[in-house]
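# Fold and geometry: a report
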Amino acid sequence: MELVIKELRKSYSGKTVLDALNLTFRGGDVIGLLGKNGSGKTTFLNCLIDLIAPDSGEFYFKGEELTGDRLPLKRVLGIVSDVIPPVPEFTGADYLRFMGLIHKLDDATFQKRSTDLTNFFFDEPGVLKKKISQYSTGMIKKISFCAAILHIPSVVILDEPFAGLDPIAVRQLISFLQTYRRADRIILVASHDLSYLEEIATRILVLDETQIKFDGKLADFTEQGTKVISEALFEILVPKTKQTTFDWL
Ligand SMILES: Nc1ncnc2c1ncn2[C@@H]1O[C@H](COP(=O)(O)OP(=O)(O)OP(=O)(O)O)[C@@H](O)[C@H]1O
């Protein structure tokens, strides 16, 4: 199973953010998408999920070109992103039900999956009866994730999934994603939480100055574990000439 992106370009008001990106994601890949603030990670993900229109680019999923509304991909997408927040007027239970209906899950399947997911991620009694407008940041992240996974998507897109989660919830999410990874699923995670990414990513993708600066195995990025991921990223993105020594301190 492959998701292929060809010659993806996006600019805002004449300023190029993504310049002719070519990428192939394969089933089994857990891709850690890294890059400095403003390097285009969210823009890239939003182009991929059709939330914003790229200037140009082609998308192929399982060998077929995606045109128009890209429905074959959208049906199997699970997305957690601040740009698509859960409906605040809904209770957690309503929101899960809503997503279950969108994905046409039968009642028994919906009940089983939503109960298992919410039992795993939530402790607070009655949380599903609360309106999402009354949820904390971490609770919103967790309900968004539960809703995104209900239909067992084969392409999971997570934009900063760890931000706002407490350390317990982070461990739960990491363990869930490690279990979720399979040969017929792609997981793409944009995150600045490098130590967490290190635990799940099999492949690292670094965006910088409109281009892919690195695309390869996590082991190659960290030089077989001799470097931590943040060290490797720093060396790629910060030229030696810019590494200030502060010899006056
Ligand atoms: N709607 C928009 N209009 C104009 N420029 C935009 C818009 N959205 C993003 N940009 C610009 O595109 C560039 C990439 O932004 P993007 O949000 O994709 O970066 P990012 O890598 O996700 O950043 P961060 O790590 O800070 O979340 C930035 O220069 C940003 O200012």
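Numbering of residues begins from 1 in every chain and follows the order in which that chain's sequence is written. Where totals are concerned, whole chains, interfaces and linings use all residues; where local detail is concerned, this predicted model gives features only for residues with pLDDT of at least 70, and gives and counts side-chain atom pairs only at 80 or more. Side-chain numbers come from the whole structure's heavy atoms, not from hydrogens or water.

What follows covers the environment of Glu 2. Counting from the N terminus, the helices are the DSSP runs of H or I reaching at least four residues and the strands are the DSSP runs of E reaching at least two. With respect to the helices and strands, Glu 2 occurs in strand β1 (residues 2-12). Here Glu 2 falls in the partly exposed class, since its relative accessible area comes to 34%. Considered as a pair, Glu 2 and Lys 129 are 127 residues apart in the sequence and their alpha carbons are 39 Å apart. In this structure the side chain of Glu 2 is engaged in a polar contact, spanning 3.3 Å, whose partner is the side chain of Arg 26. Think of it in three bands: with a 1.4 Å probe and only protein chains considered, a residue is buried below 20% of the maximum accessible area for its type, exposed above 50%, and partly exposed in between. As used in this structure description, the phrase polar contact means that two N or O atoms lie within 3.5 Å; if the pair is within protein, one of them must be able to donate a hydrogen and the other to accept it, and residues adjacent in sequence are counted only when both atoms belong to side chains.

Right, let's get into the site of the ligand. In the region of the ligand, the neighbouring residues are Tyr 12, Lys 15, Val 17, Lys 36, Asn 37, Gly 38, Ser 39, Gly 40, Lys 41, Thr 42, Thr 43 and His 192. Ser 39 places a main-chain nitrogen or oxygen 3.2 Å from an oxygen atom of the ligand. Only the protein chains shown count as cover for residues, and all accessible areas are computed by the Shrake-Rupley method using a 1.4 Å probe. Here the ligand, which alone exposes 640 Å², has 57% of that area covered by the protein. At the level of secondary structure, the elements contributing two or more residues to the shell around the ligand comprise β2 (15-26) and α1 (41-48). For the shell around the ligand, the element with the highest residue contribution is α1, accounting for three residues. Each residue belonging to the shell around the ligand can be placed in one class, and the counts come to two nonpolar, seven polar and three charged. Consider each residue's heavy atoms; a residue with any of them within 4 Å of a molecule or strand counts as near. Side-chain classes are defined by residue name, with Ala, Val, Leu, Ile, Met, Phe, Trp, Tyr, Cys and Pro counting as nonpolar, Asp, Glu, Lys and Arg as charged, and the others, Gly among them, as polar.

What follows concerns the nonpolar core. If you look at the biggest cluster of nonpolar residues, it comprises 49 residues, and the most contacted ones within it are Leu 34, Phe 121, Phe 145, Ile 200, Ile 204, Val 206 and Phe 221. Residue contributions to this core reach at least three from each of two domains, namely domain 1 (1-76 + 156-239) and domain 2 (85-153). Sequence-distant contacts of Ile 200, that is, excluding residues within four places in its chain, are made with Val 30, Phe 162, Ile 174, Leu 177, Gln 178 and Val 189. The criterion is simple. A nonpolar core is a set of buried Ala, Val, Leu, Ile, Met, Phe, Trp, Tyr and Cys residues joined through side-chain atoms within 4.5 Å. Of all hydrophobic cores here, the second largest spans 27 residues; its members include Ile 5, Ile 49, Phe 59 and Leu 66. A domain assignment, automatic or from a database, supplies the domain bounds used here. Note on definitions: a residue-residue contact is assigned when non-hydrogen atoms from the two residues lie within 4.5 Å.

Ring geometry is summarised as follows: Phe, Tyr and Trp rings, the Trp one being its six-membered ring, pair when their centres sit within 6.5 Å, and such pairs are stacked at plane angles under 30 degrees, edge-to-face over 60 and tilted between the two. Taken as a whole and assessed by the stated rule, the structure comprises 12 aromatic pairs. Between the aromatic rings of Phe 90 and Phe 98, the centroid separation amounts to 5.3 Å while the plane-to-plane angle is 75°, which identifies the pairing as edge-to-face. The exposure class of Phe 90 is partly exposed, given its relative accessible area of 25%. Owing to a relative accessible area of 34%, Phe 98 belongs among the partly exposed residues under this scheme.

Right, let's get into the UniProt feature "domain: ABC transporter" (unreviewed entry) in the chain. Feature annotation in UniProt assigns "domain: ABC transporter" (unreviewed entry) to the following positions: residues 3-234. Summarising residues 3-234: 35% helix, 27% strand, and an end-to-end C-alpha distance of 29 Å. UniProt positions are given in the numbering used here, feature names are shortened, and annotations may be inferred rather than shown by experiment.

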